Amino acid sequence: MSKKPKVLFLCTGNAARSQMAEGLLRTMAGERFEALSAGNDPASSIHSMAVKVMLEKGIDISTQHPKDLSLFLGKEFINYLVVLCNKTHETCPRIWPGLLVEENRLYWPFDDPAAAEGNEEERAEVFRAIRDEIEQKLAEWIAHIDAG
């Protein structure tokens, strides 16, 4: 039986965007892809607001944790690498084992919701907006893969 293609989502802290993307892909197409995430400067924990807004969609990411990209680079065969922020795009290695074509290295820059200011509800709205943008981009990508 063949293994599912691995999709690694990268952002700087691996505390919000990449964690939400991992949870979303697992929910949207977990039977087809193995969703992973990491950061080049991982935080100590997932941002609590990311956990909150994902739970609103019925997706529990509270047991996920930030990981350093060194856990994967040269150690895991990654089929798709999805970079979610400018800083990581600039510093991320260009060559990854498993990326057979450059088209499998995707760059989807999203604003960092952790930088949102305001009261709790205003910050939650920013996290919801980024979550929904990531979900839309994933849906488009999955449809593109299906169209082959």
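Read on for an overview of the structure. (Residues numbered from 1 in each chain as written. Predicted model: local features only at pLDDT ≥ 70, side-chain atom pairs only at ≥ 80, totals over all residues. Heavy atoms only, no water.)

**Things to note about the overall build of the protein chain**
- Across its full length, the protein chain holds four helices and four strands.
- Along the protein chain, helices and strands appear, N-terminal first, in the series β-α-β-α-β-α-β-α.
- Here the protein chain holds 148 residues, and 47% of them are scored as buried.
- Contacts in the protein chain between residues at least 24 apart in sequence constitute 74% of all its contacts with a sequence separation of at least 6.
- Roughly 7600 Å² of accessible area belongs to the protein chain as shown, and the carbon and sulfur atoms make up 52% of that amount. (Helix = DSSP H or I, 4+ residues; strand = E, 2+ residues; numbered from the N terminus. Buried < 20%, exposed > 50% of the residue type's maximum accessible area, 1.4 Å probe, protein only. Contact = heavy atoms within 4.5 Å. Areas by Shrake-Rupley, 256 points an atom, 1.4 Å probe, with all protein chains shown as cover.)

**Side note on the packing of aromatic side chains**
- Summed over the entire model, instances satisfying the criterion amount to four aromatic pairs.
- For the pair Tyr80 and Trp141, a centre-to-centre distance of 5.0 Å together with 80° between the ring planes defines the contact as edge-to-face. Of this pair, Tyr80 sits in strand β3 (residues 80-83) while Trp141 sits in helix α4 (residues 120-147); the two residues are 61 residues apart in sequence, bridging distant segments of the chain.
- The exposure class of Tyr80 is buried, given its relative accessible area of 16%.
- A relative accessible area of 7% means that Trp141 is categorised as buried.
- Both rings, one in Trp108 and one in Trp141, keep their centres 6.4 Å apart while their planes meet at 70°; by these two values the pair is edge-to-face. Of this pair, Trp108 sits in the loop between β4 (105-107) and α4 while Trp141 sits in helix α4; the two residues are 33 residues apart in sequence, bridging distant segments of the chain. Of the two residues, Trp108 and Trp141, neither departs from the other in class, the shared state being buried. (Phe/Tyr/Trp six-rings, centres within 6.5 Å; stacked < 30°, edge-to-face > 60°.)

**Quick notes on the sheet that holds strand β2 (residues 34-39)**
- In spatial order, the strands read β2-β1-β3-β4; together these four strands make up an open sheet with parallel pairing. Each edge of the open sheet is held by one strand with a lone partner, namely β2 and β4. Across this sheet, the average inter-strand angle for adjacent strands is 20°, counted without regard to direction.
- Pairing between strand β1 (residues 6-11) and β3: four bridges, direction parallel. (Pairing = 2+ DSSP bridges. Axes fitted to C-alpha atoms, helices over the stretch in contact; angles between N-to-C directions.)

**Considerations on the state of the cysteines**
- Under the defined criterion, the tally for this structure stands at zero disulfides.
- Sulfur of Cys11: no disulfide; nearest cysteine sulfur belongs to Cys85 and is 5.5 Å away.
- Looking at Cys85, the relative accessible area reads 4%, which means it is buried. (Disulfide = S-S within 2.5 Å.)

**Structural notes on the packing of helix α2 (residues 48-55) against α4**
- Orientation of α2 relative to α4, taken along the N-to-C sense of each, is 65°, at an axis distance of 9 Å. Looking at the two axes, α2 sits roughly perpendicular to α4. Seen from above, α2 lies across α4 with right-handed handedness. For the pair formed by α2 and α4, the contact residues are Met49, Ala50, Lys52, Val53 and Met54 on the first element and Glu120, Arg123, Ala124, Phe127, Arg128 and Arg131 on the second. (Parallel < 35°, antiparallel > 145°, perpendicular 65-115°, else oblique. Left-handed = near helix turned anticlockwise from the far one by under 90°.)

By themselves, these are just geometric observations and shouldn't be taken as functional.
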